[in-house]
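Secondary and tertiary structure notes
This is what each chain is made of:
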Amino acid sequence: LLEEGKLSDWVTVKFRAGRSSIQGIAQFFLKKISPDSLELYLSPVQIDPGKPAMAVSHPFIYSVLLAKLHGPFATLGLPQDTWALNEGALTDSGFLQQTYGIHAKLEEIFFSSLKRVRRGLLCCVFDTTDVIQHEFWRYTDDGHPALAHTDETPKPKTIEDLYRNMDAMIGRLLGKLRPDDVLIICSDHGFKPFRRGVNVNAWLRDRGYLTLKEGADGSAGWLEGVDWEKTKAYAFGLSGLFLNLRGREKHGIVPPGEALELKRRISAELESLRDPQNGKNAFAQVYDSAEIYQGPYRENAPDLILGFNPGWRHSWESVAGKVEPEVFIDNVKAWSADHCIDHRFVPGVFFCNRPAESETPSLQDIAPTVLDLFGITPPSHMDGKPLGIGPEAGS
């Protein structure tokens, strides 16, 4: 039974697979019903943790145990359907019901696990703060292009409510810790508004670094239609720009000896690129990956890392390798904030119930710190260093 405007419980769905069947779980949201119309949302089908068609935990039986103790729960890597909200298949309310439902189950499993861990490490990723800020930042940002598609008045305080809920959870957790327990809360990034998209491939085309084949308009995506024999650089993904390097790319034309000068020229031109809408620079800094990265996998990185200023990001189409007519595009989707920008503008947070010696903790320091707390010397090849977590509680 479905009620308009309310997300259903998990529903078991089965699919034939030869002589047997595969079982999944899904949720329904009755968006609208009238005598002559029906709008019904079906969530992505998730692997049933109680009867998994493939492993979603290690060991394999662990998800079955959790399902027996706590009932069905989401198993996708990012189970909150942000794209359904972007495209209007879900309402704000429907998305929040889905997100907080997933969070509630995760919190239940976390606190249950806390009771069973006598000594050791318990780690849990709560991504509720991530997805809600991505989708609801628009209500905190007057003039955001996405507000043109909503009539919410007054603006909901969704993000403020989010942090009140998370603070309350931390309060409950602190009340359950033993005297010797160490609590570390950290995030890998912060947030800034995403108002305007930059189609970097369109800019490369306009500057002569990327050429399309005759008759191609670049709208197909995945760099289809690019004339590689005349292209020196291309963009793909959320923050990378690549050179069409000879000897590396299949049809590379840039001689390795000219790569450094080309990277410097492109970087300088991008750093001076201004958005015609407001005359401000879209990029804070462009980074040469050969200078900022180290280690055996550095060669897999993009040649340049694009550090956007707050307010800008790769356009949705540019991420997928499309070449749009215009370089700058309004972002009108509910996904109104992001962190794929210059790292200096979106630092993460670090909290601990004990004092730490470092004044500038890094995400890379967390793993060495955990090893140090257990009396294990971090291996020499590991990035980061122990934060020097002290014995006194109350920091």
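Shown above is the structure to which this text applies.
Quick look at the structure, then.

Basis of the calculations
Residues numbered from 1 in each chain as written. Predicted model: local features only at pLDDT ≥ 70, side-chain atom pairs only at ≥ 80, totals over all residues. Heavy atoms only, no water. Salt bridge = Lys/Arg side-chain N within 4 Å of Asp/Glu carboxyl O. Helix = DSSP H or I, 4+ residues; strand = E, 2+ residues; numbered from the N terminus. Pairing = 2+ DSSP bridges. Axes fitted to C-alpha atoms, helices over the stretch in contact; angles between N-to-C directions. Parallel < 35°, antiparallel > 145°, perpendicular 65-115°, else oblique. Contact = heavy atoms within 4.5 Å. Nonpolar A, V, L, I, M, F, W, Y, C, P; charged D, E, K, R; others polar. Expected span 1.5 Å × (residues − 1). Buried < 20%, exposed > 50% of the residue type's maximum accessible area, 1.4 Å probe, protein only. Arc of directions from axis to C-beta.

**A word on the pattern of salt bridges**
All chains considered together, the criterion is met by 19 salt bridges. Note that Glu 160 and Arg 164 form a salt bridge whose closest N and O atoms lie 3.0 Å from each other. Taken together, the residues span about one helical turn, with Glu 160 and Arg 164 both in helix H5 (residues 158-174) at a distance of four residues. Taking the shortest distance from any N to any O, the salt bridge between Asp 181 and Arg 178 comes out at 3.2 Å.

**Details of the sheet that holds strand S2 (residues 20-26)**
The three strands lie next to each other as S1-S2-S5, forming an open sheet whose pairing is antiparallel. Each edge of the sheet is formed by a strand with only one pairing partner; in this case those strands are strand S1 (11-17) and strand S5 (46-47). One ladder, built from seven bridges, connects S1 with S2; its direction is antiparallel. Following the sheet pairing, Ala 17 is matched in S2 by Ser 20.

**Points about the packing of helix H3 (residues 92-116) against helix H4 (residues 128-136)**
For the pair H3 and H4, interaxial distance at closest approach is 10 Å and the crossing angle is 170°. The angle between the axes of H3 and H4 places the two elements in the roughly antiparallel class. The segment H3 lies against H4, with Asp 92, Phe 95, Leu 96, Thr 99, Tyr 100 and His 103 engaging Thr 128, Val 131, Ile 132, Glu 135 and Phe 136. Its residues assigned to classes, the contact of H3 with H4 shows six nonpolar, three polar and two charged.

**A closer look at H5**
Within an α-helix, residues lying three or four positions from one another point in the same direction, as the helix has 3.6 residues per turn. Helix length check: H5 (17 residues) gives 24 Å between terminal C-alpha atoms against 24 Å at 1.5 Å per residue, within 8%. Along H5, the residues that are buried comprise Thr 158, Ile 159, Leu 162, Met 166, Met 169 and Leu 173. Buried residues along H5 cover an arc of 95° about the axis, so they all sit on one side. Exposed positions of H5 whose direction lies more than 90 degrees from the buried face are Arg 164 and Asp 167. Along its buried surface, H5 packs onto H3 and H4.

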